[in-house]
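Chains, contacts and geometry: an overview
Given next are the chains, with one letter for each unit.
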Amino acid sequence: MSNVEDAKQSAMNSPLELAPDSWAPGNGPDPLIQHNGGRIGASVSRVDGGPKVRGAAPFAAEFALDDMVYAALVFSTIAKGRIATLDTTVAEAAPGVVLVMTHRNAPRMRPMPLFGTSEKAAGADSLPIMQDDRVRWNGQAVAVVLAETREQADHAASMIRVTYETEPATTSFEQAKANGTETAHLFGHDVHIEIGDAEAALAAAHVSVDATYRTPYQNHNAIEPHATTVAWHSDELVMHDASQLVGHQAWSLAHIFGIEEEQVRVTAPYVGGAFGGKGLWSHQVLAAAAAKLADRPVRLALSREGVYRLVGGRARTEQRVAIGAGADGRFDAIIHTGTAVSGRDKAAPEAFAFPTQSSYAAGSFQIDVQLAYQDMVTNTTMRAPGEAVGSFAIESAVDEVAVALGMDPIELRIRNEPDNDPITGRPFSSRHLVEAWRAGAERFGWAKRNPTPGTVRDGEWLVGMGCAAATHLYVRQPGGAARITLTSDGNVTVDVAAHDAGMGTATAQGQVIAERLGLEPEQVSFRFADSRMPGLVAALGSSQTVTVGAAVAAAQRVLVAELLKLVGHDSPLAGLTTEQVGVLDGGLAKLDEPARHESYTSILAGAGRDEIAVEASAPPPVEMMNWSMHSYGAMFCEVRVNGVTGETRVSRFLGSMDCGRVLNPKTATSQFRGGIIMGLGLALTEQTHFDERKGRIMNPSLAEYHLPVHMDVPEIDVIWTGIPDPHTPMGARGIGELSITGTGAAIANAIFNATGKRIRDLPITPDKLM
Amino acid sequence: MVTKDFSIRINGTAVGPPADPRVSLLDLLRETLQLHGTKKGCDQGACGACTVLADGERIVSCLALAVQYVGRNVVTIEGLAGDDELHPLQRAFIEHDGFQCGYCTPGQICSAVGMAAEARRGVPSHVTPDLTVGEVELTHDELRERMSGNLCRCGAHNGIVAAIAETCAGERK
Ligand code: FES
Ligand code: FES
């Protein structure tokens, strides 16, 4: 018998307890953590694999509606000012044109409710959308053309003539800083922390490093460009969208158009990558407005350039990191301060000091994130906002300290491993980063690294190894809710308004649900990404897995209570309470007497029911207040840098993760690799070029924004501690963003080891190494 | 009037060319024929999501005007295997998790089919050491170099390469 079958067999013999009412202290861990029925932890292939490889999975621009028209946009070419003249006559007369919408005829709409300002607000900014003649950034939409075909719409859009009265705009970083900055505000706090006198401790330290690190604008560049297909049915709006927050979006659209939340339905069954960029932006609002005005369904698919013009990316940062250390390597002072560019609303501050707030013990801290406003498309969250670029700075600086001390960078990190959260003093829920370091070092062959930079050569290639720590905050969202429908054939359907943009949500949740309900995976169907479903769950912060997991656990408690009401007097379960029963083999059983068992099918048949449906909300995420909660990783990299051309090739990479229980090794490995590859781009090639004179993005294309391609990507090795977190649903923590953190620094540190050159300015292009 | 001679064969079916000569092959597939398996990632030849096979050769259909393909045989992801069947490469992509969001996937798969044929014909790549050999062996580097026109933002590269390597190796046996 295989291990899995063994595990299944033993699971069949003992009922699985129900999850606690909440994850507060005293309620005990989720019993699923200890339970192994063989579903959780299995390397299951994606449940949506068939439709995806056949090209049969419908994405947002692939819903064909009767009588649908195509939208094309005209983008402003100045950064700030007003529209002086706007001539649409030729376009209006062009073949196939149904409507030209500008600020003159657009319906009155409220601005988007800014994400974070209320429970369901989704807007990336709160600027007026086509309500006046103002231009607020270079690339803003100033006209929408609807036509019978895409070609006709594009052609007509090209014939709209706009002139502008320009006003002075802030489009340079230096100007923005000179205008005055504001302290970033996140999770209800200013990002400003002082513990002790860090400057004095730095000055007095045995060794110190003090440097400035720079990271550029970046764009998500999901391969599916943003697209939406919308239709009004009298006063009801239906939107098939590329969205990672359908619930928030439905409420927000209702607010914008002055209708009830129930009158809006947003679906996103397949999303071609999101990475933080697929929230509510102006194009969805414009599509809905134009559809209303024309009284026709509309498909608005942004061109690749359109995505750059209308959807913001990761903000540019300039960070100072200074570390003072004693001769033994212990940190006396850590300073992590600096400035990030921001949109006016400051909705998504690039809070780069995050990793520094939990990574190391130190005698003193100074942390401060300032935001500088620029007139440009507002920045937003992009995979591990703050942490991806902040970890580049702090983890490069730690490497610099190791060099200054002549100490191994892994030993230096372990020496400064904190016992409790260094800022809040809270205990860690589960932190096994040291184990991850040890296991990773062993597997990667770290001991073979030559610590003297620039000494390992292979022909014209310089070879080096580097490492860095990864860290990402644990988040469980407060809005988790789920509906479970159990039918008389013993199958369940679970509905949650969550998302799967490639993370594998449906696959992993299917496994968890099967195990939690004692079913086979084939008996479970997980439906998601429809705003009419329960739950307010954005695909943000690597938080969906636990958010949905907690909601399903809550719904299961209700389901069990309802089932117990249905059992007959002669049932083996008669008279038992929810506390006395657990899940076993497609039914319920008495916890201490598994033989007292009745299957779901039998319970429903006995009660004459075809199905039973229950819905429940998850308890609030109090665990986040009780513990310092993060996922961790030890990242290892080997690079080869060409001594002649300065070209860097990443030849080996290992991520050794500590992220709680891994639910599906196959899809988790893919998530980790995906983050590492995006980190490889962050380190070496990716930059959105911004013309500081005109405020225009100069490379709005996949030809000129360089994503890592197959040839750039080595075989990436991923391992994990697999230690469950006792304070989270299923023992799991977030994994989607973790591995982009630390990767940039691991590569930069490897480049230093290879060449002796410390590059503190991303991306590390060949010119910086020549 | 469209006659047989002026049709494009798409997955074996004759299709009339579009009346509007501006229509790209990609938009003909997606908007007229509702063959949405072929994806649009950039519409400018930079991402490979729109890759289809034209007379067995991989092309980016966003840079192809549909009217140029009159008289040609176009195979899209929908036509690679029979209705209920999966092409071996499609199966291998599932097994090796060669995708996450799945948006680049049809392009990767069609591209791989065309790429393997190029290697069999001895078409060299930037990393081919010997330009005179007939059939080029699809080493890890050859495969990655030849697939580099197909972008994947989810970072499924390792799985994609494993799936193609396994399938192409299987074909050679
Ligand atoms: S859509 Fe054709 S190459 Fe990108
Ligand atoms: S699987 Fe998402 S872009 Fe490749």
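These numbers were taken from a predicted model, which means no experiment stands behind them. (Residues numbered from 1 in each chain as written. Chains lettered and ligands numbered in written order. Predicted model: local features only at pLDDT ≥ 70, side-chain atom pairs only at ≥ 80, totals over all residues. Heavy atoms only, no water.)

We now examine the overall build of chain A. Scanning chain A for helices and strands turns up 18 helices and 32 strands. Taking 27 Å as the expected radius of gyration for a compact globule of 770 residues, we find that chain A reaches 27 Å, a close match to that expectation. If you line up chain A on its principal axes, its C-alpha atoms span 80 × 75 × 50 Å. Sorting the 770 residues of chain A into buried and exposed places 64% on the buried side. A separation of at least 24 residues holds for 80% of the contacts in chain A among residues at least 6 apart in sequence. Element-wise, carbon and sulfur atoms account for 49% of the exposed surface of chain A, whose accessible area totals about 25,700 Å². Computed over 64 positive and 88 negative side-chain charges, the separation of the two mean positions in chain A equals 4 Å. (Helix = DSSP H or I, 4+ residues; strand = E, 2+ residues; numbered from the N terminus. Rg over C-alpha atoms; globule rule 2.2 N^0.38 Å. Buried < 20%, exposed > 50% of the residue type's maximum accessible area, 1.4 Å probe, protein only. Contact = heavy atoms within 4.5 Å. Areas by Shrake-Rupley, 256 points an atom, 1.4 Å probe, with all protein chains shown as cover. Lys, Arg positive; Asp, Glu negative; His and termini not counted. Charge placed at Lys NZ, Arg CZ, Asp CG, Glu CD.)

Contacts between the two partners involve 53 residues from chain B and, on the opposite side, 56 residues from chain A. Summed over both partners, the interface of chain B with chain A buries about 4,400 Å², with 55% contributed by carbon and sulfur atoms. On the chain B side of the interface with chain A, the three residues burying the most area are Q100, R153 and N158 of chain B, jointly 20% of the side's total. Joining chain B to chain A, the criterion identifies 8 salt bridges. Of the charged contacts, one joins E62 of chain A and K39 of chain B as a salt bridge, the two residues approaching to 2.9 Å between their closest N and O atoms. (Buried area = accessible area lost by both parts, 1.4 Å probe. Salt bridge = Lys/Arg side-chain N within 4 Å of Asp/Glu carboxyl O.)

Another aspect to go through is the pairing of strand β13 (residues 236–241) of chain A. Residue and element names in this part refer to chain A. Along β13, 5 of the 6 residues are buried, which leaves the element largely enclosed by surrounding structure. Across 6 bridges, the pairing between strand β12 (residues 227–233) and β13 is antiparallel. The partner of A231 across the bridge, within β13, is V238. Hairpin connection of β12 to β13: 2 residues between the antiparallel strands, including S234 at a positive phi of 45°. With helix α7 (residues 246–257) bridging β13 and the parallel strand β14 (residues 264–267), this β-α-β connection has right-handed handedness. (Pairing = 2+ DSSP bridges. Right-handed = clockwise from strand over helix to strand, strands pointing away.)

Turning to the domain arrangement of chain A, a few remarks are in order. Interface size is commonly expressed as the accessible area that is lost once the parts come together. All names here are of chain A. What the domain assignment lists for chain A is domain 1 (16–37 + 476–620), domain 2 (60–168 + 223–274 + 278–310) and domain 3 (189–203 + 314–475 + 625–768). Using C-alpha coordinates to define each centre, domain 2 is positioned 36 Å away from domain 3. For the pair domain 2 and domain 3, the two sides together bury roughly 1,700 Å², of which 57% comes from carbon and sulfur. Among the residues of domain 2 in contact with domain 3, N138, Y308 and R309 are the three that bury the most area, contributing 36% of the side total. Across the pair E305 and R696 runs a salt bridge, and its minimum N-O distance is 3.8 Å. Where domain 2 packs against domain 3, one counts 5 residue pairs in polar contact (both at pLDDT 80 or more). A breakdown of the residues in the side of domain 2 that touches domain 3 according to their chemical character gives 10 nonpolar, 5 polar and 6 charged. (Domains from an automatic or database assignment. Polar contact = N/O pair within 3.5 Å; in protein donor to acceptor, adjacent residues only side chain to side chain. Nonpolar A, V, L, I, M, F, W, Y, C, P; charged D, E, K, R; others polar.)

Residues and elements named next belong to chain A. Computed from the structure, the second largest pocket encloses a volume of approximately 500 Å³. Lining the second largest pocket are 28 residues; nearest its centre among them are R150, D154, A301, L302 and S303. Considering each element in turn, the lining of the second largest pocket owes the most residues, 5 residues, to strand β1 (residues 69–75). (1 Å grid on protein atoms, 1.4 Å probe; cavity = no way out; pocket = protein on both sides within 12 Å on 5 of 7 lines; lining within 4 Å. Points joined across faces, edges and corners; volume = space filled by probe spheres on them.)

So, about the sheet that holds strand β25 (residues 587–590) of chain A. All names here are of chain A. Overall, antiparallel pairing links the 3 strands, which are arranged β24-β25-β26 in an open sheet. Looking at the sheet topology across the chains shown, the edges are occupied by β24 (581–584) and β26 (593–599). On average, each strand axis in the sheet is tilted by 35° relative to the strand beside it, whichever way the strands run. (Axes fitted to C-alpha atoms, helices over the stretch in contact; angles between N-to-C directions.)

Residue and element names in this part refer to chain A. This model, assessed by the stated rule, comprises 13 aromatic pairs over all chains. Taken together through their ring pairs, the aromatic side chains of W437, F444, W446 and F636 make up a single cluster. The lysine or arginine in question, R652, covers the ring of F444, its NZ or CZ lying 3.9 Å from the ring centre. (Phe/Tyr/Trp six-rings, centres within 6.5 Å; stacked < 30°, edge-to-face > 60°. Lys NZ or Arg CZ within 6 Å of the ring centre and 35° of its normal.)

Quick look at the environment of H96 of chain B now. Residues and elements named next belong to chain B. Looking at the element boundaries, H96 is found in the loop between α2 (88–95) and α3 (105–121). Relative accessible area serves as the criterion here: at 28%, H96 is assigned to the partly exposed category. As a C-alpha pair, H96 and A162 span 66 residues in sequence and 6.6 Å in three-dimensional space. When neighbours within four sequence positions are excluded, H96 is seen to be in contact with G159, A162, A163 and E166.

Once that is clear, we can look at the nonpolar core. If you look at the biggest cluster of nonpolar residues, it comprises 262 residues, and the most contacted ones within it are L253, F257, I323, F636 and I747 of chain A together with I164 of chain B. The dominant element in this core, judged by the number of residues it contributes, is helix α14 (residues 544–566) of chain A, at 12 residues. Not counting residues within four places of it along the chain, the set of residues in contact with I164 of chain B comprises L89, F93, A112, M115, L143 and M147 of chain B. (Core = buried A, V, L, I, M, F, W, Y, C linked by side-chain atoms within 4.5 Å.)

A few words on the pattern of salt bridges. Where charged atoms from two side chains of opposite charge come close, those side chains can pair. Inspection of every chain in the model, using the stated rule, returns 64 salt bridges over all chains. One salt bridge in this structure joins R758 of chain A and D399 of chain A, with 2.9 Å as the shortest N-O distance. In this pair, R758 of chain A is assigned in the segment after α18 (743–755) and D399 of chain A in helix α10 (residues 387–405), connecting sequence segments 359 residues apart. Since its relative accessible area comes to 2%, D399 of chain A is described here as buried. R438 of chain A is the partner of E411 of chain A in a salt bridge, and the nearest nitrogen-oxygen pair spans 2.9 Å. Placement of E411 of chain A in helix α11 (residues 409–415) and of R438 of chain A in helix α12 (residues 433–444) is noted, with a sequence separation of 27 residues between them. A relative accessible area of 32% means that E411 of chain A is categorised as partly exposed. Note on R438 of chain A: relative accessible area 44%, which makes it partly exposed. Among the ionic contacts, a cluster of salt bridges with common partners joins R150 and D154 of chain A together with D27, K40 and D43 of chain B.

The next point concerns the UniProt feature "domain: Aldehyde oxidase/xanthine dehydrogenase a/b hammerhead" (unreviewed entry) in chain A. UniProt annotation of "domain: Aldehyde oxidase/xanthine dehydrogenase a/b hammerhead" (unreviewed entry) refers to residues 54–168 of chain A when read in the numbering used here. The distance separating the terminal C-alpha atoms of residues 54–168 of chain A is 52 Å; by composition the span is 12% helix and 30% strand. (UniProt positions renumbered as here; feature names shortened; annotations may be inferred.)

The next thing to look at is the packing of α7 of chain A against helix α8 (residues 282–294) of chain A. Residues and elements named next belong to chain A. The geometry of α7 relative to α8 is characterised by a closest axis approach of 11 Å and an angle of 50° between their N-to-C directions. Considered as vectors, α7 and α8 are oriented oblique to each other. Handedness of the crossing formed by α7 with α8: right-handed. Note on element contacts: α8 touches α7 through Q284, V285, A288, A289 and K292, opposite Q249, L253, I256 and F257. Partitioning the contact of α7 with α8 into residue classes produces 6 nonpolar, 2 polar and 1 charged. (Parallel < 35°, antiparallel > 145°, perpendicular 65-115°, else oblique. Left-handed = near helix turned anticlockwise from the far one by under 90°.)

A separate point is α14 of chain A. With 23 residues, α14 of chain A should reach 33 Å at 1.5 Å per residue; the first-to-last C-alpha distance of 32 Å fits that figure. The buried count for α14 of chain A comes to 17 of 23 residues, which makes it a mostly enclosed element. (Expected span 1.5 Å × (residues − 1).)

This paragraph deals with the packing of helix α13 (residues 505–517) of chain A against α14 of chain A. Residues and elements named next belong to chain A. Closest axis-to-axis distance for the α13/α14 pair is 11 Å, and the angle between their directions is 30°. As the angle between them shows, α13 and α14 are arranged roughly parallel. In this structure, α13 meets α14 at a crossing whose hand is right-handed. In contact with T505, Q509, I513, R516 and L517 of α13, α14 contributes Q544, T545, V548, G549, V552, A553, Q556 and L559. Residue composition of the contact of α13 with α14, by class: 6 nonpolar, 6 polar and 1 charged.

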